[in-house]
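The chain contents come next:
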Amino acid sequence: MDSGRIAHRRKADIPVIRPRASDKNQHIHELLKELTGITKILNICAERGTDHPEYLPFLCQALQICRLPFLKEKTSDELSYAQDVVEFLSHMGCLMRMSDAEVRQQTLESVKCFYSCVAPKQLIDGTDRLSKPKPWTFPSGNQFSRLSPRLQPTSPGYRLQLLERSDLAQTLLLSLAALENQPAIKLQLLQTLQILSSSSDMNCALIVNARGAETICLHMNEPDPSGQVLFRSSEILWNLLDTGSKEVTAQLSSMECVTSLKEAFFHMLTNGSRHSDLQLRNDLLVITTLIAENPKSLLIESFFAKQLVVLATFPELKSYSPLVCNLKLSYNNEDLKMKKLLFNLLVLMSKDFTALQLYKEERVMLALLALVKPPVASSVPLEWTSAQREELQLQALSTACTLAPLMLDDYMSHQGNASLLLLLDHCVAQDSFFGQSHISHHRGGRGSTKAQMRHCIRVLRSVLSLGVDSVNQDFCDQGTINQFLGILMQMEASPDEDDAVTLEIQSDIQLILSALCENDMHRKELFGSDGVEMAIHFLKKGCDKFYSGLGHNKLILSTVDCVRSCIVGCYTTEDYFLAKNGACLLLDLLSSSPRCVHCNVLANLLELCDNPNTASHILSWRDAGGQTAPRFLLQLWRDEEEELKVSRNLHGGIADPQRPILRPYQQEDPQQSFPANIQSAAVLELSENLRLKIFSIVSKLGFQELPGLSRKDYVTLSIVRRYLDFKVGEVWNEIRRELDQDCVRPTTPDEEALSAIGKVAEDAAMRVAAEQNSILQQWEKEDIREEELMYTEIKSHWKQWELMAVSWDSYVSRTSNYEILKDIKAKREKYIESSRPKAKAAVHPKEHFVSQVMSVERTGAQGTAGVKVTLARAPLKMADGDVARATSQDPEYFSTVSVDE
């Protein structure tokens with residue numbers, strides 16, 4: 001037997017793959033149905049290759065064949081042999097356990113070929129709808145010249161889909177630990193893992209489940225002649241982090257991984273000089289930033305955080321740390337990105353109290369304020385370009401907005417207010433230095449100082465909103481109230497007043513003024529007439545642009561808050577505000593604003609009602625439709641109850657006297673027992689809707705002689721008047737239900753008191769219901785009277801029309817018939833003649849006289865005939881008035897007997 005060849009007896013379980021008659025001129029290909037046998041052959045070659053190296057060339061050649069697409073005879077073969085393909089790919093990954101470098105290299109090359117065969121535009125779902133499959137061809141020099149026409153390659157994405165179902169990715173990852181002595185193979189393995197992790201999220205999940213993030217991180221600092229291991233490792237970590245899995249950050253948060261990241265970062269910081277090295281350094285810093293978002297990360301415990309904080313203050317502050325003593329920056333864009341990433345890292349780590357202690361030790365606030373100062377007073381190195389200095393300044397302001405409230409002592413000790421006001425003055429002066437940046441902080445303010453002003457105001461707002469007296473007083477002592485009022489009006493005069501950045505600055509300034517003046521009467525006086533003019537100006541703008549999306553909604557709310565905090569409570573500013581029709585402007589805003597603003601506006605009106613001059617302004621207000629303020633408030637009440645779905649009848653009256661103001665959910669939901677320190681649902685309901693505020697305002701105005709109310713308004717007013725009584729009864733009923741739920745029986749006097757209170761509340765509701773019915777009946781009678789008057793008017797109009805019709809007919813007849821005209825003329829002349837006065841006979845005026853008996857003679861005749869009386873009369877002359885009175889009396893009284901002489 002030839003010593004150069006070793007003969008082996010074939011075992012019975014080794015499959016034999018014979019060429020078919022039709023393939024006699026073809027070389028062997030990998031058919032899907034033969035993959036099971038091929039898998040066994042590969043396994044046997046791998047087992048025997050350890051002791052017999054002669055098998056290894058055949059194994060490598062078989063792996064080269066695996067780079068080619070699988071062949072199918074029928075379309076259904078892809079589905080039928082899917083599990084065989086999965087097992088084949090899994091066994092293929094196990095070949096990485098062999099120590100032979102050539103086998104490992106061929107295995108990795110085969111896996112990479114799976115992806116190189118798929119064009120980016122080809123479908124990954126296993127089909128290619130763009131073209132019909134053609135026989136697979138190879139270059140003429142290849143031993144596989146042409147396939148049989150009845151055999152077709154599988155679709156491009158077929159193997160990739162099944163690879164995700166296998167454990168090939170996990171097997172490749174686990175083989176990383178065995179490649180310490182084969183750096184070239186290790187680099188190829190990392191390249192393969194990079195391809196796998198970038199191709200699909202499922203591969204990333206498989207790698208993460210095998211603790212791939214931790215494994216990659218721990219091996220990325222091993223000796224590397226090529227200098228590519230760290231780059232490939234960072235790319236794999238990036239791909240794993242892009243999936244958004246929290247497990248990745250959890251694996252990288254261990255002490256070993258953080259230490260490995262620290263070594264890699266500082267190695268690139270001190271030794272990297274090429275552009276790609278600086279980019280890799282920044283990539284590692286971004287990975288560190290993502291780890292910092294995990295509250296369980298050990299950045300502080302590993303002293304990595306302390307070194308990063310020192311680096312963040314360089315070169316603004318001098319430090320004796322060995323880390324930065326010999327460090328030199330290139331002041332290029334990559335160094336600028338590193339500074340910005342370090343500032344962002346400071347914000348993320350500020351959630352940890354220990355990190356704040358590091359910030360104080362390393363004077364982080366001083367470094368930020370040094371960057372905040374204007375260019376004239378700034379200590380920023382001149383090596384930075386003007387645009388880079390601007391970006392650093394904006395990033396420092398953004399960082400200070402978060403850190404200043406947390407490090408208030410450092411902020412005050414380094415005169416933070418003065419530094420920010422100095423920058424603000426510089427921005428108002430419109431220095432041409434600003435406006436050259438291209439970063440997101442400059443959005444909306446490019447070409448001006450708005451970006452700096454915007455972030456400066458943000459920092460001041462975050463500090464002053466804490467309400468610390470010493471900080472606020474230090475701020476006010478520098479005359480900032482009048483300065484801010486001037487800035488507001490100056491920005492209003494600019495042509496781009498509707499810019500989003502401008503609106504944000506204005507609203508922030510108003511909120512700062514509110515925080516300063518809310519509880520200080522002297523500052524409200526300093527706010528003065530100029531502040532009132534400012535508030536009036538913004539109130540007049542109304543709510544037309546509330547939903548514009550630019551920030552008008554925030555500006556309106558901040559203006560209303562400014563009125564409450566800076567004007568209300570100081571009689572001087574209140575009177576001036578009222579003299580400028582401020583109350584009417586608030587009512588205009590209330591009538592035109594959406595429901596979300598009503599609560600704040602009503603609160604302002606309610607507090608203004610403490611001023612005795614407010615009621616007259618409210619009662620004199622009319623909206624565009626002539627509606628009065630009381631009527632509008634009552635309409636708001638009805639809208640609020642409709643929103644709350646309170647039970648009301650058709651006319652808005654009480655429908656259920658036992659529940660006059662309850663909402664449905666309070667009736668249906670089971671009553672809960674509340675602790676003594678928690679308010680009940682009936683009390684919490686007061687702050688959730690507008691009814692209490694409307695009741696309080698109407699109470700200030702009075703419930704009598706309110707102008708402009710309708711019938712429905714009077715019905716609503718009767719409920720508003722007794723709202724407080726209803727609410728008291730509701731609270732007591734809630735107490736009683738809670739006692740019943742807790743199985744607590746009150747004492748007999750208490751039980752009687754609870755029953756009496758409930759009865760009183762119900763009786764009050766019934767009286768209000770009766771009053772509402774009386775109002776409706778009275779208005780119904782009034783309607784009947786108005787209806788009758790309307791019918792009378794209609795009849796009068798119809799009568800007038802009839803007379804006009806008769807007159808018209810007469811006119812037509814006169815003008816069309818001459819005989820009728822003559823008759824009418826004759827009648828008219830006769831009537832005129834009869835109406836003329838006739839000549840009367842002379843009328844002698846009555847003469848009044850007095851008769852006197854002169855003599856009396858008797859005759860012999862019987863009766864009066866036997867008496868002869870001689871009379872004498874004398875005429876009387878009386879004054880006109882006496883004559884008139886005499887003639888006006890009874891004529892019989894003055895009648896005289898006339899006896900002939």
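Given the structure is predicted, the values throughout are model-derived calculations rather than measurements.

Draft legend 1. Region of the structure containing the overall build of the chain. Broken down by element type, the chain carries 41 helices and 4 strands. By the burial criterion, 44% of the 901 residues in the chain qualify as buried. In the chain, of all internal contacts separated by at least 6 residues, the share reaching a separation of at least 24 is 74%. Split by element, the accessible area of the chain, about 49,200 Å² in all, is 53% carbon and sulfur.

Draft legend 2. Seen up close, the environment of Ser197. Considering the arrangement of structural elements, one finds Ser197 in helix H8 (residues 183–199). Each C-alpha atom, one on Ser197 and one on Leu240, is 6.8 Å from the other, the two residues being 43 residues apart in sequence. Of the polar contacts made by the side chain of Ser197, one reaches the backbone oxygen of Gln194; its length is 3.0 Å.

Draft legend 3. Region of interest: the packing of helix H37 (residues 711–721) against helix H39 (residues 748–816). The interhelical angle for the contact between H37 and H39, taken along N-to-C directions, is 165°, at an axis separation of 10 Å. Judged by the angle between their axes, H37 and H39 are roughly antiparallel. Between H37 and H39 lies a crossing whose hand is right-handed. Residues Arg711, Tyr714, Val715, Ser718, Ile719 and Arg721 of H37 form the contact with H39, whose own contacting residues are Val768, Glu771, Gln772, Ile775, Leu776, Trp779 and Asp783. The residue inventory of the contact of H37 with H39, partitioned by class, reads 7 nonpolar, 2 polar and 4 charged.

Draft legend 4. Geometry of the packing of aromatic side chains. Tallying each qualifying case throughout the model produces 10 aromatic pairs. With a centroid separation of 5.9 Å and 55° between ring planes, the pair formed by Trp621 and Phe632 is classed as tilted. Taken together, the residues Trp621 in the loop between helix H32 (614–619) and helix H33 (629–644) and Phe632 in helix H33 connect sequence positions 11 residues apart. Residue Trp621 shares its accessibility class with Phe632, and that shared class is buried. Aromatic pair Phe695 and Tyr723: ring centres 5.8 Å apart, planes at 50°, arrangement tilted. With Phe695 in helix H36 (residues 691–701) and Tyr723 in helix H38 (residues 723–741), this residue pair connects regions lying 28 residues apart in the sequence. Look at Phe695 and you get buried, because its relative accessible area is 12%.

Draft legend 5. Geometry of helix H14 (residues 275–292). Counted at 1.5 Å a residue, the expected span for H14 with its 18 residues is 26 Å, and the 26 Å between its end C-alpha atoms agrees. Here H14 lies mainly inside the structure; 13 of its 18 residues are buried.

Draft legend 6. Representation of the nonpolar core in the model. Leu252, Tyr359, Leu460, Phe484 and Leu513 are the most contacted members of the largest nonpolar core, which totals 204 residues. Of the residues forming this core, the biggest block, 9 residues, is contributed by helix H17 (residues 333–349). The residues contacting Tyr359, other than those within four sequence positions of it, are Val309, Leu345, Leu346, Met349, Ser350, Val364, Leu403 and Met407.

Draft legend 7. View of a nonpolar patch on the surface. Judged by side-chain polarity, Met790, Tyr791, Ile794, Trp798, Trp801 and Met804 come together as a nonpolar surface patch covering roughly 730 Å² of accessible area. Along the polypeptide, Met804 turns up in helix H39.

Draft legend 8. Broad picture of the pattern of salt bridges. One pass over the structure, following the stated rule, counts 33 salt bridges. Within this structure, Arg211, Glu214 and Glu247 form a network of salt bridges that share partners.

Draft legend 9. The arrangement of helix H5 (residues 101–116) in detail. With 16 residues, H5 ought to run about 22 Å at 1.5 Å a step, and its terminal C-alpha atoms sit 22 Å apart, in line with that. Those residues of H5 not exposed but buried are Val103, Arg104, Gln106, Thr107, Leu108, Ser110, Val111, Lys112, Cys113, Phe114 and Tyr115. Buried residues along H5 sit against helix H2 (55–65), helix H4 (82–94), helix H6 (158–165), helix H7 (168–174), H8 and helix H9 (201–209). The distance from a side-chain oxygen at the start of H5 to the backbone nitrogen of Glu102 is 3.1 Å, and the residue carrying that oxygen is Asp100.

Draft legend 10. Spotlight on the side chain of Thr313. Summarising the element assignment, Thr313 is placed in the loop between helix H15 (304–312) and helix H16 (322–325). Using a relative accessible area of 5% as the deciding quantity, one classes Thr313 as buried. For Thr313, the contacting residues outside a window of four places in its chain are Lys339, Glu362, Arg363, Val364 and Ala367.

Draft legend 11. Up close: unusual backbone geometry. Residue Pro315 is reached from Phe314 by a cis peptide bond, and omega for that bond is 5°. Positionally, Pro315 belongs in the loop between H15 and H16. Phi at Tyr331 takes a positive value of approximately 55°, unusual for a residue other than glycine. In this structure, Tyr331 sits in the loop between H16 and H17.

Draft legend 12. Here's a closer look at the packing of helix H27 (residues 521–540) against helix H30 (residues 582–592). At a minimum axis separation of 10 Å, H27 and H30 run at an interaxial angle of 30°. Classified by the angle their axes make, H27 and H30 are roughly parallel. Here H27 and H30 pass one another in a crossing that is left-handed. Every residue of H30 that contacts H27 at Ile536, Leu539 and Lys540 is listed here: Gly582, Leu585, Leu586 and Leu589. Looking at side-chain class alone, the contact of H27 with H30 contains 5 nonpolar, 1 polar and 1 charged residues.

The rules behind these values
Residues numbered from 1 in each chain as written. Predicted model: local features only at pLDDT ≥ 70, side-chain atom pairs only at ≥ 80, totals over all residues. Heavy atoms only, no water. Helix = DSSP H or I, 4+ residues; strand = E, 2+ residues; numbered from the N terminus. Buried < 20%, exposed > 50% of the residue type's maximum accessible area, 1.4 Å probe, protein only. Contact = heavy atoms within 4.5 Å. Areas by Shrake-Rupley, 256 points an atom, 1.4 Å probe, with all protein chains shown as cover. Polar contact = N/O pair within 3.5 Å; in protein donor to acceptor, adjacent residues only side chain to side chain. Axes fitted to C-alpha atoms, helices over the stretch in contact; angles between N-to-C directions. Parallel < 35°, antiparallel > 145°, perpendicular 65-115°, else oblique. Left-handed = near helix turned anticlockwise from the far one by under 90°. Nonpolar A, V, L, I, M, F, W, Y, C, P; charged D, E, K, R; others polar. Phe/Tyr/Trp six-rings, centres within 6.5 Å; stacked < 30°, edge-to-face > 60°. Expected span 1.5 Å × (residues − 1). Core = buried A, V, L, I, M, F, W, Y, C linked by side-chain atoms within 4.5 Å. Patch = residues over 30% accessible without salt bridge, like charges linked within 9 Å, V, L, I, M, F, W, Y side chains within 5 Å. Salt bridge = Lys/Arg side-chain N within 4 Å of Asp/Glu carboxyl O.

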